[in-house]
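Given next are the chains, with one letter for each unit.
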Amino acid sequence: MRRILVTGANGQIGKVLVAELRRVYGRDSVLATDIKKSAENNEPYEFLDILNENRLYEIVHDHKITEIYHLAAILSAHGEWNPLKTWNINLNGLLTILELAKKKDIQKVFFPSTIAVFGKTTPQVNTPQDVPLLPETVYGMSKVTGELWCNYYHKKYGVDVRSVRYPGIIGYQSIPHGGTTDYAVEIFHEIIKNNVYTCFLDGDTRLPMMYMPDAVDATIKLMQADAAAIQTRSSYNLSAMSFSPRELFTEIKKYFPESEIAYDPDFRQEIAAAWSESIDDSRAHKEWKWKPSYDLARMTQDMIENIKKLY
Ligand code: AKB
């Protein structure tokens, strides 16, 4: 019987992933854990600080957990404010989970990596799967190292750990905090509320992005794939679309012709400038049949429809 634990379940992706996992496997099969309680009913839920190893072991034992989706992490922008804390949470949290999976009867682990693993030494256009990785944020460093540990635990101990490098994720279900790609969600809320947005990235900074339903679909598909198909145990490149703030605004302006944008780049511009513009994710297409459904136009239309209902 499959029993899933999700860490960071009340974060941007966690919230939507938990709901979808519960739809697929049943509410009681999916335990949400986080250090913050959700405003909505999120039961079954347990408070869990990922660095509290004893409590993690207890929860896994009590709830007879068989799979872990380990989402808890500090993202790129907030990571720069407290590098050592970020390293501790992002990397030691993962190592605790991998050790647990090695010792206990955990059948599968999901680890989210990110485009933040790329750096100035990486080709920025159509970035291939295997490239030099020299990230300059502590978040990127922790995720590259995390990928290597996943590969190590798989090869050395047979832990069935699977991972994707998420691009910027766009969803209407929450306003993300702490990331460099957060502008691509904020812009919708601000334009719908106020018809104006000031972007913290430069207008021409193109980044790989993905709409939430595709991100959740990719995650579940990867976890459901046959173990033999998963040839990459560090992390898969994953992609759906790429755009700059200017291109996204042009699309949004079709619905709000009076709206305006200004650009006031801050420290996040330097982070974004080192990341890829677009990603070659052909290996994910080939090995576990990944295929996105949303492009810029379809995502924009759906975001606007849903965010309008919130205000
Ligand atoms: C961030 O901006 O830090 C995240 C990511 C790309 O991993 N959204």
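Keep in mind that what you see is a predicted model, and the values were worked out from it rather than measured.

Caption draft 1: The arrangement of the overall build of the chain in detail. Along the backbone of the chain there are 11 helices and 12 strands. Whereas a compact globule of 311 residues would reach a radius of gyration of roughly 19 Å, the chain reaches 19 Å, a difference of no more than 12%. Counting only C-alpha atoms, the chain reaches 60 × 45 × 40 Å along its principal axes. Relative to its full complement of 311 residues, the chain shows a buried share of 56%. In the chain, once contacts between residues fewer than 6 apart in sequence are set aside, the share between residues at least 24 apart is 78%. Looking at the chain as shown, the accessible area adds up to about 13,500 Å², and 51% of this sits on carbon and sulfur atoms. Positive and negative charge centroids in the chain, built from 36 and 40 side chains respectively, lie 6 Å apart.

Caption draft 2: How the structure looks around the site of the ligand. Around the ligand, a shell composed of Leu75, Ser76, Thr114, Ile115, Tyr139, Gly179, Thr180, Thr181 and Trp275 is seen. At 2.7 Å from an oxygen atom of the ligand is found a side-chain nitrogen or oxygen belonging to Thr114. Taken by itself the ligand offers 250 Å² of open surface, and the protein chains cover 94% of this. When the residues that make up the shell around the ligand are grouped by side-chain class, the tally is 4 nonpolar, 5 polar and no charged. Of the domains in this structure, domain 1 (4–168 + 210–237) and domain 2 (172–208 + 241–276 + 294–310) are the two that each give at least three residues to the shell around the ligand.

Caption draft 3: The sheet that holds strand S7 (residues 168–170), seen in detail. Spatially, S7-S9-S11 is the arrangement adopted by the 3 strands of the open sheet, whose pairing is mixed. For this open sheet the edge positions go to S7 and strand S11 (241–243), each flanked by a neighbour on one side alone. Each neighbouring strand pair of the sheet contributes to a mean axis angle of 45°, computed without reference to strand direction. In this structure, S7 lies alongside strand S9 (residues 207–211), joined through 3 bridges in parallel fashion. Counted as the bridge partner of Gly168 is Met209 from S9.

Caption draft 4: Summary view of the nonpolar core. Of all hydrophobic cores here, the largest spans 38 residues; its most connected members are Ile170, Tyr183, Phe188, Phe243, Leu248 and Met299. Of all the secondary-structure elements, those providing two or more residues to this core are helix H5 (138–157), helix H6 (183–194), strand S8 (196–199), S9, S11, helix H8 (245–253), helix H9 (268–273) and helix H11 (296–308). Take this core: its biggest share by element is 7 residues, from H6. A domain split of this core shows at least three residues from each of domain 1 (4–168 + 210–237) and domain 2 (172–208 + 241–276 + 294–310). Discounting residues that sit within four places of it in the chain, Leu248 has contacts with Tyr183, Ala184, Ile187, Phe188, Phe243, Leu296, Met299 and Thr300. Grouped together as the second largest cluster of nonpolar side chains are 33 residues, Val30, Phe110, Ile220 and Leu238 included.

Caption draft 5: Region of the structure containing the environment of Gln301. As for its placement among the helices and strands, Gln301 is situated in helix H11. Here Gln301 falls in the partly exposed class, since its relative accessible area comes to 37%. Between the alpha carbons of Gln301 and Leu51 there is a distance of 40 Å; along the sequence they are 250 residues apart.

Caption draft 6: Fine view of the packing of aromatic side chains. By the definition in use, this model includes 12 aromatic pairs. Ring geometry for Tyr183 versus Phe200: centroids 6.3 Å apart, planes at 90°, classification edge-to-face. Of the two residues, Tyr183 sits in helix H6 while Phe200 sits in the loop between S8 and S9, which places them 17 residues apart along the sequence. For the pair Tyr183 and Phe200, a shared accessibility class is recorded, and that class is buried. Ring geometry for Trp288 and Trp290: centres 6.3 Å apart, planes at 35°, overall tilted. A single burial state applies to Trp288 and to Trp290, both of which are buried. Taken together through their ring pairs, the aromatic side chains of Trp149, Tyr152, Tyr153 and Tyr157 make up a single cluster. In this arrangement the basic side chain of Lys102 is found over the ring face of Tyr157, its NZ or CZ atom lying 4.3 Å from the centre.

Caption draft 7: Here's a closer look at the domain arrangement of the chain. According to the domain assignment, the chain consists of domain 1 (4–168 + 210–237) and domain 2 (172–208 + 241–276 + 294–310). In this complex, domain 1 contributes 26 residues to the contact, which on the side of domain 2 involves 23 residues. Each partner contributes to the roughly 2,100 Å² buried at the junction of domain 1 and domain 2, and carbon and sulfur atoms together form 62% of this total. Viewed at the interface, domain 2 and domain 1 are joined by 10 residue pairs in polar contact (both at pLDDT 80 or more). A class-by-class count of the residues in the side of domain 1 that touches domain 2 yields 13 nonpolar, 9 polar and 4 charged.

Caption draft 8: Structural view of the pairing of S9. Taken across its 5 residues, S9 has 5 buried, putting it largely inside the fold. What you see with S9 is no split at all: Leu207, Met209 and Tyr211 on one side and Pro208 and Met210 on the other are buried throughout. Sheet topology places S9 next to S11; 3 bridges connect them, and they run antiparallel. In the sheet register, Leu207 faces S11, and the bridge partner there is Phe243.

Caption draft 9: Expanded view of helix H2 (residues 53–62). Buried residues of H2: Leu56, Tyr57, Ile59 and Val60, and no others. Across the axial projection of H2, the buried residues extend over an arc of 165°, all falling on one side. In H2, those exposed residues whose orientation departs by more than 90 degrees from the buried face are Asn54, His61 and Asp62. In this structure, the buried side of H2 is in contact with strand S1 (4–7), strand S2 (30–34), strand S3 (45–47), strand S4 (67–70) and helix H4 (83–103). Directly beyond the C-terminal end of H2, a positive phi value near 50° is found at Lys64.

Calculation criteria
- Residues numbered from 1 in each chain as written.
- Predicted model: local features only at pLDDT ≥ 70, side-chain atom pairs only at ≥ 80, totals over all residues.
- Heavy atoms only, no water.
- Helix = DSSP H or I, 4+ residues; strand = E, 2+ residues; numbered from the N terminus.
- Rg over C-alpha atoms; globule rule 2.2 N^0.38 Å.
- Buried < 20%, exposed > 50% of the residue type's maximum accessible area, 1.4 Å probe, protein only.
- Contact = heavy atoms within 4.5 Å.
- Areas by Shrake-Rupley, 256 points an atom, 1.4 Å probe, with all protein chains shown as cover.
- Lys, Arg positive; Asp, Glu negative; His and termini not counted.
- Charge placed at Lys NZ, Arg CZ, Asp CG, Glu CD.
- Near = heavy atom within 4 Å.
- Polar contact = N/O pair within 3.5 Å; in protein donor to acceptor, adjacent residues only side chain to side chain.
- Nonpolar A, V, L, I, M, F, W, Y, C, P; charged D, E, K, R; others polar.
- Domains from an automatic or database assignment.
- Pairing = 2+ DSSP bridges.
- Axes fitted to C-alpha atoms, helices over the stretch in contact; angles between N-to-C directions.
- Core = buried A, V, L, I, M, F, W, Y, C linked by side-chain atoms within 4.5 Å.
- Phe/Tyr/Trp six-rings, centres within 6.5 Å; stacked < 30°, edge-to-face > 60°.
- Lys NZ or Arg CZ within 6 Å of the ring centre and 35° of its normal.
- Buried area = accessible area lost by both parts, 1.4 Å probe.
- Arc of directions from axis to C-beta.

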